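The lines below spell out each chain.
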Amino acid sequence: MPEEVPALSGRTRTAVGVAVALVVAAGLLLRFWTRSGLWLDEALTVNIARLPLHELPNALKHDGAPPLYYVLLHFWISLFGQSNDAVRSLSGVFAVLTLPVAWLCGKRFGGRATAWTMLVLLASAPFAVYYATESRMYAMVILLTGLGFLAIERAVKAPRPGNLIAVALVTAALLYSQYWAV
């Protein structure tokens, strides 16, 4: 059972609220801001994702990565183009979606104070920001891991078929995203 943290009040509450808002806003902005060109692995990822879908399995045999991110990036490119910013923004979107998931994980496992702490830590975590700006599967793996924690927590509390299927789906998505996600 999580310990109760005394509620903040007055100016302290306002100051903490403003600080949290600023950190999260900066984290959101940084997830889409990069000034470098694509590096080798990113360029390879984009080149593979541009292939017709039926050619992806053969190309991935040489790359050694599972196909999910490449398939999603394939469709993302068809919608938003192949510029550096366009291909990297898919990871940015995954990273932004991870923030409320992290908040929910914190809330479920430790209450509101833990939820806000998780949100601030993830919003400002250098590796989370870095992976959000990279056209690779890592931001998606972070999102799926958070969703996996939520799915497992539900399945443990209520082992109904739907909750167990959610665990299986997230696990499959992780396996199809990055082998090290296991």
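From a predicted model like this one, the values you see are computed outputs, not experimental measurements.

Draft legend 1. How the structure looks around the overall build of the protein chain. Within the protein chain, the regular secondary structure consists of 9 helices and 0 strands. Along its sequence from the N terminus, the protein chain presents helices and strands in the succession α-α-α-α-α-α-α-α-α. Considered along the principal axes of its C-alpha atoms, the protein chain spans approximately 60 × 45 × 25 Å. When the 182 residues of the protein chain are sorted by exposure, 37% land in the buried category.

Draft legend 2. Expanded view of the nonpolar core. One finds Tyr 69, Tyr 70, Leu 73, Phe 94 and Met 137 to be the most contacted residues of the largest nonpolar core, which totals 29 residues. Apart from residues lying up to four places away in sequence, Met 137 is in contact with Ala 65, Tyr 69, Tyr 70, Ser 177 and Gln 178. Counting 10 residues, the second largest nonpolar core, distinct from the first, contains Val 20, Ala 115, Leu 122 and Ala 123.

Draft legend 3. Structural view of the environment of Leu 90. Here Leu 90 lies in helix H5 (residues 84-110). Here Leu 90 falls in the buried class, since its relative accessible area comes to 4%. The spatial distance from the C-alpha of Leu 90 to the C-alpha of Leu 150 is 23 Å, given a sequence separation of 60 residues. Dropping the residues within four chain positions of it, Leu 90 is found in contact with Tyr 69, Leu 72, Leu 73 and Trp 76.

Draft legend 4. Highlighting a nonpolar patch on the surface. Taken together, the side chains of Phe 32, Val 93 and Leu 97 make up a nonpolar region of the molecular surface, amounting to roughly 250 Å² of accessible area. Here Phe 32 lies in the loop between helix H1 (10-30) and helix H2 (40-49).

Draft legend 5. Broad picture of the packing of helix H4 (residues 68-80) against H5. Running from amino to carboxyl end, H4 crosses H5 at an angle of 120 degrees, the nearest separation of the two axes being 9 Å. Compared by their axis directions, H4 and H5 come out oblique. Of the two elements, H4 crosses H5, and the hand of that crossing is right-handed. Across the interface between the two elements, Tyr 69, Leu 72, Leu 73, Trp 76, Ile 77 and Phe 80 from H4 touch Ala 86, Val 87, Ser 89, Leu 90, Ser 91, Val 93 and Phe 94 from H5. Looking at the contact of H4 with H5 residue by residue, the class counts come to 11 nonpolar, 2 polar and no charged.

Draft legend 6. Geometry of the side chain of Ser 135. Here Ser 135 lies in the loop between helix H7 (126-132) and helix H8 (138-157). Looking at Ser 135, the relative accessible area reads 0%, which means it is buried. Within polar-contact distance, the side chain of Ser 135 engages the backbone oxygen of Val 87 at 3.5 Å. With residues up to four places along the chain from it excluded, the contact list for Ser 135 reads Glu 42, Thr 45, Val 46, Tyr 69, Leu 73, Val 87, Arg 88 and Ser 91.

Draft legend 7. Structural view of the packing of H2 against H4. Following both chains from N to C, one finds H2 and H4 inclined at 75 degrees, their axes separated by 8 Å at the closest point. Classified by the interaxial angle, the pair formed by H2 and H4 is roughly perpendicular. Side by side, H2 and H4 meet where Thr 45, Val 46, Ile 48 and Ala 49 of the first sit next to Tyr 69, Tyr 70, Leu 73, His 74 and Ile 77 of the second. Here the contact of H2 with H4 is composed, by residue class, of 7 nonpolar, 2 polar and no charged.

Draft legend 8. Seen up close, the packing of aromatic side chains. Counted under the stated rule, the structure contains 6 aromatic pairs. Measuring from ring centre to ring centre gives 5.0 Å for Tyr 131 and Tyr 138, while their planes differ by 50 degrees; the resulting arrangement is tilted. Taking relative accessible area as the criterion, Tyr 131 reaches 26% and is therefore assigned partly exposed. What links up through ring pairs into an aromatic cluster is the set Phe 127, Tyr 130, Tyr 131 and Tyr 138.

Reading the values: the criteria
- Residues numbered from 1 in each chain as written.
- Predicted model: local features only at pLDDT ≥ 70, side-chain atom pairs only at ≥ 80, totals over all residues.
- Heavy atoms only, no water.
- Helix = DSSP H or I, 4+ residues; strand = E, 2+ residues; numbered from the N terminus.
- Buried < 20%, exposed > 50% of the residue type's maximum accessible area, 1.4 Å probe, protein only.
- Core = buried A, V, L, I, M, F, W, Y, C linked by side-chain atoms within 4.5 Å.
- Contact = heavy atoms within 4.5 Å.
- Patch = residues over 30% accessible without salt bridge, like charges linked within 9 Å, V, L, I, M, F, W, Y side chains within 5 Å.
- Areas by Shrake-Rupley, 256 points an atom, 1.4 Å probe, with all protein chains shown as cover.
- Salt bridge = Lys/Arg side-chain N within 4 Å of Asp/Glu carboxyl O.
- Axes fitted to C-alpha atoms, helices over the stretch in contact; angles between N-to-C directions.
- Parallel < 35°, antiparallel > 145°, perpendicular 65-115°, else oblique.
- Left-handed = near helix turned anticlockwise from the far one by under 90°.
- Nonpolar A, V, L, I, M, F, W, Y, C, P; charged D, E, K, R; others polar.
- Polar contact = N/O pair within 3.5 Å; in protein donor to acceptor, adjacent residues only side chain to side chain.
- Phe/Tyr/Trp six-rings, centres within 6.5 Å; stacked < 30°, edge-to-face > 60°.

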